[in-house]
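# Results of the structural survey
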Amino acid sequence: MKKLQFKSVCFHIFFCMFAAVAFIIAGCSSGSNEKGESSAAEKEVASVEEAPVIGVGPVKTVELSDELDEALVNEGLSIFESKCSACHQIDERYVGPAIKGITERRNPVWIMNMVINPVEMTQKDPIAKQLLSEYLTQMVNQNISEPDARALLEYFRHIDKEL
C-alpha cells in the first residue's frame, strides 16, 4: 500500500513540475503571433517614438545653445567620473549603455529625467522599460539634482560633438 502511495505522490510531483515548466516556456515565448502582429509592448514603444519623448520626471524643457559651456562640461565630467563611470563607459556597452551618441538617440529632457529619476522612468517610460529589459540592471538613483543633470547633459553633448 505504501509503495502505491509513493508512486502516486511521485506521479503528482512529476506532473506539477512538468506543468510548471510548460507555463514558464509559454511565458518566455517571443510574444509575436502567427500573423506577425506586434506585441502590446512593441506597439507602446513604437507609438512613443513617434512623439517627442521627455520621460517621467521634473524636467519639462531645457534650453541648449549651439556652443558648449566649458564650465558645465567640466562639472559634468566630474559628476560622471564620481557617480556614473562604475556602470557606463564612453565608447562601449558595460553594465549600462555606452554614453557616446546618447544625445543623438534621446531627447535632452528625457536624458535629464532618466539621470534624475531612473527608478520611476523604468517603471513608467516605455523606452526606459525597454533598456531595463535589455541590460537587466536597474539604474541606481544617485540623487542627481537638476543642475547636476544639466551638467551631465552638457558633458554628453561634448562627447557627441567629438564624434
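Rules behind the numbers
Residues numbered from 1 in each chain as written. Predicted model: local features only at pLDDT ≥ 70, side-chain atom pairs only at ≥ 80, totals over all residues. Heavy atoms only, no water. Helix = DSSP H or I, 4+ residues; strand = E, 2+ residues; numbered from the N terminus. Contact = heavy atoms within 4.5 Å. Buried < 20%, exposed > 50% of the residue type's maximum accessible area, 1.4 Å probe, protein only. Salt bridge = Lys/Arg side-chain N within 4 Å of Asp/Glu carboxyl O. Core = buried A, V, L, I, M, F, W, Y, C linked by side-chain atoms within 4.5 Å. Axes fitted to C-alpha atoms, helices over the stretch in contact; angles between N-to-C directions. Parallel < 35°, antiparallel > 145°, perpendicular 65-115°, else oblique. Left-handed = near helix turned anticlockwise from the far one by under 90°.

### Quick look at the side chain of Arg157
- Its location among the elements puts Arg157 in helix H8 (residues 146-161).
- Residues contacting Arg157, with those up to four places away along its chain left out, are Leu64, Ser65, Asp66, Glu67, Leu68, Thr103 and Arg150.

### Thoughts on the side chain of Asn113
- Within the secondary structure layout, Asn113 lies in helix H5 (residues 108-116).
- A residue is classified by how much of its surface remains accessible, and Asn113, at 0% relative accessible area, is buried.
- Sequence-distant contacts of Asn113, that is, excluding residues within four places in its chain, are made with Ile54, Gly55, Val56, Gly57, Pro58, Val59, Pro118 and Met121.

### Some thoughts on the pattern of salt bridges
- Summed over the entire model, instances satisfying the criterion amount to five salt bridges.
- A salt bridge links Glu134 to Arg93; the nearest nitrogen and oxygen atoms lie 3.4 Å apart. Residue Glu134 is located in helix H7 (residues 126-135), and its partner Arg93 is located in the loop between helix H3 (70-84) and helix H4 (102-105); the two are separated by 41 residues in the primary sequence.
- According to the relative accessible area criterion, Arg93 is partly exposed, its value standing at 47%.
- With a shortest N-O distance of 2.7 Å, Glu154 and Arg150 are connected by a salt bridge. Taken together, the positions of Glu154 and Arg150, both in helix H8 and four residues apart, correspond to about one turn of that helix.
- For Glu154, a relative accessible area of 1% puts it in the buried group.

### What about the nonpolar core?
- With 30 residues, the main nonpolar core has Phe80, Trp110, Leu152 and Phe156 as its most contacted residues.
- At the level of elements, H3, H5, H7 and H8 are the ones that each hand at least two residues to this core.
- Ignoring sequence-local partners within four residues, the contact set of Leu152 consists of Gly76, Ile79, Phe80, Cys84, Val115 and Ile144.

### Considerations on unusual backbone geometry
- Here the phi dihedral of Leu136 falls at roughly 60 degrees; this positive angle occurs in a residue that is not glycine.
- Position of Leu136 among the secondary structure elements: in the loop between H7 and H8.
- With a phi angle near 55 degrees, Asn143 is a residue other than glycine that sits in the positive phi range.

### Topic: the packing of H5 against H8
- The N-to-C vectors of H5 and H8 enclose an angle of 125 degrees; their axes lie 9 Å apart at closest approach. When the interaxial angle is binned, H5 and H8 end up oblique. For the pair H5 and H8, the crossing hand works out as right-handed. Touching Pro108, Ile111, Met112, Val115 and Ile116 of H5 are Glu146, Ala149, Arg150, Leu152, Leu153 and Phe156, all from H8.

From the geometry alone we can't say anything about function, so treat these as descriptive.
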